[in-house]
Amino acid sequence: MALLRWLHCLFLIFSIWVSTLATTQPMPPPPPLRCNQTHCTLSNSYGIWGDRTTCHFPPTVFPTTEEELRQAVANATRNNLKIKVVTKFSHSIPKLACPDSISMVISTENYNSKINVDAQNLAVTADSGVGLRDLIDAVEEKGLSLAAAPYWEGVSVGGMISSGAHGSSWWGNGGAVHDHVVGLSLVVPAKESQGFAKVIRLGAQHPLLNAAKISLGILGVISKVTFALERGFKRSIAYNFTDDSAIENEFLDHGRKHEFADIAWYPSRHTAIYRYDGRVPLNATGDGVNDFLGFQSNSILVSESIRAAEKTLENTRNVKGKCTLASSCLAYKKLVANGLKNNIMFTGYPVVGRQGKMQTSGSCLYSPSARIDTSCSWDPRIKGLFFYESTAIFPASKFADFVLDVKSLRDLNPENFCGVDIYNGFLIRFIKASKAYLGQSEDSVVVDFNYYRSNDPLSPRLNQDVLEEVEQMAFFKHGAKPHWAKNRNLAFLDVHNKYPNFSKFLAAKKQLDPLNVFSSEWSDEILFGKDVNRENGCALEGQCVCSEDRHCSPERGYFCHPGLVYKEARVCRHRANDASSEA
Ligand SMILES: Cc1cc2nc3c(=O)[nH]c(=O)nc-3n(C[C@H](O)[C@H](O)[C@H](O)COP(=O)(O)OP(=O)(O)OC[C@H]3O[C@@H](n4cnc5c(N)ncnc54)[C@H](O)[C@@H]3O)c2cc1C
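Residues numbered from 1 in each chain as written. Predicted model: local features only at pLDDT ≥ 70, side-chain atom pairs only at ≥ 80, totals over all residues. Heavy atoms only, no water.

1. Considerations on the sheet that holds strand β10 (residues 181-189)
One open sheet holds the five strands; their spatial order is β7-β8-β12-β10-β11, and the pairing between them is antiparallel. Edge positions in the sheet fall to β7 (115-118) and β11 (197-203), since each has one partner strand and no second. Put simply, the sheet's adjacent strands are angled 15° from each other on average, direction ignored. In the packing of helix α3 (residues 132-141) onto the sheet, the strands contacted are β7, β8 (123-127) and β12 (221-228), and the crossing angle to β7 comes to about 35°. (Pairing = 2+ DSSP bridges. Helix = DSSP H or I, 4+ residues; strand = E, 2+ residues; numbered from the N terminus. Axes fitted to C-alpha atoms, helices over the stretch in contact; angles between N-to-C directions. Contact = heavy atoms within 4.5 Å.)

Now the structure itself:
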């Protein structure tokens, strides 16, 4: 029976492969903003916010020009309304864009018509609602390249700048997109004599630019952004699937030697995938594409079957099953080079292609025809993948200690990490020191990890305690900062004390938005890391760190315990694993 089940899982993995090869009709993601005549609702891309409440507000305005944007801010100011900006993607996980009840919401969905490439000065200026893919394509068409971008293309210019989105690089200006911004226009409230709103233009040397680059939507409405460009180039990428024994000694060298390096670490599999990735000239042979596996569209049937299998493993507390699935996933990634394609499929390393096709992907976003049997695997309309996303940003000097701590925890029982290895393990990326006040003040290492989330908020996860301990090691023991656009609420606790320039950001906020028009209960919760939820079960969803058993799920056998390696951590552990907690 067990063997049959695992053959089934392998079949599912195979089916994904077949479906990605054979199908070209994905269903585009649902619009995150939905409005009728009386009100609108906003969700994130996973369809559910961290606290599982709905975000709703009065009808939204959809400006199409900078002047309409200015008028919208003026109207709100005249009527004493607060303001929030939403995008057509809403791909940030925290509820940053959710407004207070008496607010005007401005969507940049239709503010996306202008992309001006200035080839002579190696710069591009775009409306803030422009999607990243459109921006990249416009730039590449002129033989130029944007050196930094997130791996995921489902973001808008305004959203990615506001939230500190990044790829991976310690070279040049680094892997964070905001560090390539050389100008930005902001619409802010103004006096009645100035028409209640004004546009301010921040050039490269303007003192407010460091505040406005990562401003979480709370300084004003970003109207236009100018990015520095480089002459067009290609990339040459190869993955090395190897053992993970020396990550803590090798990551520095790896990040320094290869311009776009990253490392994907699968602790339960004792495997690390080193990405050897550097630029090559435009005339290098190769027309490859990085169609990252996780961002390809999958057959809806397959996504739902995988989710069903994962749920069964959770409900039956089947750790070994999760490990089999993790092994199959990793083997499959190796087979298809994690989505790298030399032309239509992967035929061998290195894969060489244009920067615009190698840095950023998201083929599940597009719908070239009407058939709708595939989608992004997390599409909230299907019963597909549903997971949390934690992202911790470490000063490079502290990262080795974090890896060693995770290894100590892993070595107590490697199988406990199989759940995270079913997703992408720990993705390790590099970003350079930045002058942005809410950016990283020193060269840093970013770690992303995704893991199962239950449909029922009061259902604990298998080995819940282990990833809670990792999270707390990262954010509390090793001083990591949370990515502003990802993470569960606990990651933001005390966040303002981690940024040396936080007070400068607040001073800029006071100057540009003295009445806090652009703040809301939700963005304050994140910016000031408030510990607001102490309800029963709050630790299960990362809304709190447990201090009492009721924050876990005593009725389902999960109690609040110290960590196994980081003893100061407080985690929800199942009674079946209690013995190890005494070790
Ligand atoms: C599948 C997936 C993969 C991801 N991969 C990466 C990655 O590789 N690297 C990375 O760093 N991040 C990644 N992210 C996070 C993502 O980059 C951010 O969520 C993204 O930058 C948000 O862009 P958005 O356009 O969806 O903005 P939203 O989420 O809609 O908005 C983000 C914030 O910006 C504000 N805002 C938006 N536009 C404006 C404007 N014009 N003026 C003022 N405020 C504005 C909003 O009010 C909100 O506060 C990923 C997310 C997902 C779902």
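2. Here we look at the side chain of S215
Here S215 lies in the loop between α5 (209-212) and β12. Owing to a relative accessible area of 1%, S215 belongs among the buried residues under this scheme. Only 3.0 Å separates the side chain of S215 from the backbone oxygen of A212, close enough to count as a polar contact. Among residues more than four places away in sequence, those in contact with S215 are S162, I222 and F505. (Buried < 20%, exposed > 50% of the residue type's maximum accessible area, 1.4 Å probe, protein only. Polar contact = N/O pair within 3.5 Å; in protein donor to acceptor, adjacent residues only side chain to side chain.)

3. Describing the site of the ligand
The environment of the ligand is formed by 35 residues, the closest being V85, T87, H91, S92 and S156. Between the ligand and S90 there is a distance of 3.3 Å, counted from an oxygen atom to a backbone nitrogen or oxygen. Within the residue set of the shell around the ligand, elements represented by two or more residues are α4 (157-163) and β12. No other element matches the five residues that α4 contributes to the shell around the ligand. Across the shell around the ligand, the residue classes tally to 17 nonpolar, 16 polar and two charged. (Near = heavy atom within 4 Å. Nonpolar A, V, L, I, M, F, W, Y, C, P; charged D, E, K, R; others polar.)

4. Comments concerning the nonpolar core
Residues L135, L184, L186, F227 and W484 are the most contacted members of the largest nonpolar core, which totals 99 residues. For this core, the element with the most residues is helix α8 (residues 319-335), which contributes six residues. Among residues more than four places away in sequence, those in contact with W484 are P94, L96, S163, I214, L216, L438, F492, V495, Y499, I526 and L527. Formed by 38 residues, the second largest nonpolar core is a distinct cluster that contains W265, L409, F426 and M473. (Core = buried A, V, L, I, M, F, W, Y, C linked by side-chain atoms within 4.5 Å.)

5. Details of the state of the cysteines
Enumeration according to the criterion identifies seven disulfides in this entry. Between the sulfur of C364 and that of C376 lies a disulfide, 2.1 Å long from S to S. Because the sign of the S-S torsion sets the handedness, a value of about 85° for the bond joining C364 and C376 places this disulfide among the right-handed ones. You can see C364 sitting in the loop between α9 (355-358) and β21 (374-375) and its partner C376 sitting in the loop between β21 and β22 (387-395), a full twelve residues away along the chain. Across the pair, exposure class does not vary: C364 and C376 are buried alike. The disulfide bridge from C538 ends at C544, spanning 2.0 Å between sulfur atoms. Between C538 and C544, the S-S dihedral sits near 75°, and the bridge is therefore right-handed. One exposure class covers both C538 and C544, and it is buried. (Disulfide = S-S within 2.5 Å.)

6. Quick notes on the packing of helix α10 (residues 396-412) against helix α12 (residues 464-477)
At a minimum axis separation of 11 Å, α10 and α12 run at an interaxial angle of 160°. One way to sum up the angle between α10 and α12 is to call them roughly antiparallel. Read as a crossing pair, α10 and α12 show a hand that is right-handed. Contact residues: α10 offers F402, D405, V406 and L409, while α12 offers V466, E469, V470, M473, A474 and K477. Class assignment for the residues of the contact of α10 with α12 results in seven nonpolar, no polar and three charged. (Parallel < 35°, antiparallel > 145°, perpendicular 65-115°, else oblique. Left-handed = near helix turned anticlockwise from the far one by under 90°.)

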